[in-house]
Amino acid sequence: MTAPIERFDQLDLQAPILAALAEIGYETPSPIQAACIPHLLAGHDILGEAQTGTGKTAAFALPALDRVDISKRNPQVLVLAPTRELAIQVSEAFQRYASKMPGFHVLPIYGGQSMVVQLRQLQRGAHVVVGTPGRVMDHIERKSLNLDGLSTLVLDEADEMLRMGFIDDVEWILQHLPAERQTALFSATMPDAIRRVAHRYLRDPKEVKIKAATATVSTIRQRFLQIAGAHKLDALTRILEVEDDFDAAIVFVRTKTATVELAEKLEARGYAAACLNGDMTQQLRERVIEQLKNKTLDIVVATDVAARGIDVPRVSHVINFDIPYDTEAYVHRIGRTGRAGRAGNAILFVAPRETHLLRQIERATRQPIELLKLPSREAVADKRVAAFRQQVAEVLESEDLSFFVDVIAGMEAQHDTEIHEIAAALAFLAQKDRPLQMPETGRPDIAQLAGGKPDARTPRDTRETRQAREPRENRGEILERRRDYAEGRLARYRIDVGREHMASPKDIVGAIANEAGIESRFIGQINLFEDYSTVELPSDLSNDTIQILRRARVRQQPLNLRLASPEEAARERGRSGPGGRGAPPKKPFRKEGGFDRPGGDFKSRKPKP
Ligand code: ADP
Ligand code: MG
């Protein structure tokens, strides 16, 4: 290979696949993808070794899709995965990557699912079958799975299949497949037993191992925070507020869409933030960096590629909002801080299932990453009060206040009020837009949710959240929601889960919050009907989010989320109050939401006062 592969369109993939990737927002192939896809497209067998979370699914799914002949309805690709969950995940990934290939069918088959249903589905035909070894064996024996036309076999998470005792089943399946085929084996580790299988059944495979780079980054203080996706934004803003040496930050996320979304959310919270991604022209990117240098911006939300090589000495913090694919990316990222001899801070957000990546980074950099304690609400309030005092002290010191002294003296005389009460009223006015106290939400503080022990699961708080929320349903909240609705910020969506499925609002909020990472405060009213429900959500949900919510399940029932029809929404308004004025929004209110917009969404903003 000559030049390194930085974009998917440098890979020889069909246009519909590239279009789907653009829509999903993947910007650059991960290392395992860049290394494997060309070999697989060229027809070679692959023996791939890379940790979980490095993008192995797309590494085999994209080239496999590229070779699928949609006009034939027999399975051409078989993926073996160790568990039911993984089989479903991989099927969903195929479905997403094939979203622009009409007529494409992928079928997950696993134990525990009704045989009758599976047989019917198999009869209908599928281009790709993803199954657990036991169930695939069953179907081969019953001759309900005809693999004569198979061209590609993938063994996903081979070490896990070995560990779970499936290796004999896997070998049996391998012996029952057409000899003329491509085989790809992926594994996080390469124990001897797997290597043996590979030597026996793979033909002259290309071996790809994504190694962890080593590096020293000693002037940078590295910390991690164990946090679930839904709380990342709150955690980020809290960190930004309380870090003593904060000056500017680069926040890393995985996708272009995420750069736009997160930059917008930070702006909405008063930060001078902008996104930086590969969709933006060179000129725009340079402008963002210039603005970061000249303090017009304090935060840049970037993807790995877009931020490569940035050298802005005032960057005091690098936040790994989404964990990087590998140690090398991590080292590149954190190298954006601690420049020109200054001290730097690197903070890594680790979701519960990503703990192994944290350990891998520690091993490779040979440096422990310390646990970050998220400050409590009270600590944040203390910090704000201290800053406020400081401001007041400075004004007392430096400004000529004689005019104001007269005004206050007049008030004191007229109202017969103590001077410190007047001062308190003024303090109240001064902090109104950025309150000194953190609002009491009735929810558990994220400082408690952000677990210390990386092996402990972060508690799922959504259930408690809803319980705490419901009694607060007061007039103010209803009015506010009505306004949001009229202005098109909220829209009513319909989901195919209702009372007959035994669903409760808590279940629905839980699923939406967990699956799509929508904070529960953005989830409005939920109305349950017999066989469906409606729920208020932001009207500018990205396509990605809508796709996720179509497939998310409550009580085993896919939500199949879509915008409610005007009739459905009208019925709701009659019934429940909010949205009484005006028609429901037909179009998203904030067109510039930028989720689908090419060219990125470039923002500049005056620094916060
Ligand atoms: P693995 O199989 O190695 O554990 P996955 O294939 O499950 O990893 O991918 C992990 C996550 O990374 C998924 O959420 C996936 O959507 C995302 N991802 C994969 N490839 C890319 C890419 N090129 N750019 C951005 N995100 C990606
Ligand atoms: Mg995987």
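Remember, it's a predicted structure, so these values are computed and weren't measured experimentally.

1. Some words on the pairing of strand β2 (residues 77-80)
Burial along β2 is two-sided: V77 and V79 facing one way and L78 and L80 facing the other are all buried. In this structure, β2 lies alongside strand β4 (residues 128-131), joined through four bridges in parallel fashion. Paired with V77 across the strands is V128, a residue of β4.

2. A closer look at a negative patch on the surface
A cluster of acidic residues, E412, D416, E418 and E421, forms a negative patch on the protein surface. A residue is classified by how much of its surface remains accessible, and D416, at 71% relative accessible area, is exposed.

3. Let's talk about the confidence of the model for the protein chain
Summary statistics for the protein chain give a mean pLDDT of 81 and a share of 83% for residues scoring 70 or more. The low-confidence segment residues 452-475 (pLDDT under 50) makes 42 contacts with residues lying over four places distant or belonging to another chain. In the predicted structure, residues 574-609 sits below a pLDDT of 50 and forms 85 contacts with residues beyond four places in sequence or in another chain.

4. Topic: the nonpolar core
Judged by nonpolar contacts, the single largest core of 58 residues is most densely connected at L236, L262, L266, I299, L348 and F349. Grouped together as the second largest cluster of nonpolar side chains are 39 residues, A61, L65, V90 and Y97 included.

5. Some details on the side chain of S30
Examined against the element boundaries, S30 turns out to sit in the loop between α1 (15-24) and α2 (31-41). S30 gets classed as buried once you look at its relative accessible area, which sits at 0%. If we ignore the near neighbours within four places in the chain, the residues touching S30 are T54, G55 and Y325.

6. Quick word on the environment of V251
Within the secondary structure layout, V251 lies in strand β9 (residues 248-252). Along the backbone, V251 and L276 are 25 residues apart, and their C-alpha atoms lie at a distance of 9.9 Å. Not counting residues up to four positions away in its chain, the partners in contact with V251 are L236, L262, I299, V300, V301, A302, I319 and F321.

Criteria and cut-off values
Positions within a chain are numbered from 1, following the residues in the order the chain's sequence is written. A letter from A marks each chain and a number from 1 marks each ligand, given out in the order of writing. Confidence filtering applies because this is a predicted model: local features only for residues at pLDDT of at least 70, side-chain atom pairs given and counted only at 80 or more, and all residues used for totals across whole chains, interfaces and linings. Derived side-chain values reflect all non-hydrogen atoms in the structure, with water molecules and hydrogen atoms excluded from consideration. Think of it in three bands: residues with accessible area under 20% of the maximum for their type are buried, residues over 50% are exposed, and the middle band is partly exposed, with areas taken using a 1.4 Å probe on protein chains only. Comment: elements are numbered from the N terminus, with helices defined as DSSP H or I runs of at least four residues and strands as E runs of at least two. We treat two strands as partners when DSSP finds at least two bridges between them. Surface patches are drawn from residues lacking salt bridges whose relative accessible area is over 30%; two like charges belong together within 9 Å, two nonpolar side chains (Val, Leu, Ile, Met, Phe, Trp, Tyr) within 5 Å. Exposure was quantified through the Shrake-Rupley algorithm and a 1.4 Å probe, taking into account, for residues, occlusion by the shown protein chains and nothing else. Here, a salt bridge means any side-chain nitrogen of Lys or Arg that lies within 4 Å of a carboxyl oxygen of Asp or Glu. In this charge count, Lys and Arg are treated as positive and Asp and Glu as negative; neither His nor the chain ends contribute. By convention, charge coordinates are those of NZ in Lys, CZ in Arg, CG in Asp, or CD in Glu. One number per residue, pLDDT, summarises how confident the predictor is, and it ranges from 0 to 100. Throughout, a residue-residue contact means that at least one pair of heavy atoms, one from each residue, lies within 4.5 Å. Remark: nonpolar core denotes a set of buried residues (Ala, Val, Leu, Ile, Met, Phe, Trp, Tyr, Cys) joined through side-chain atoms within 4.5 Å.

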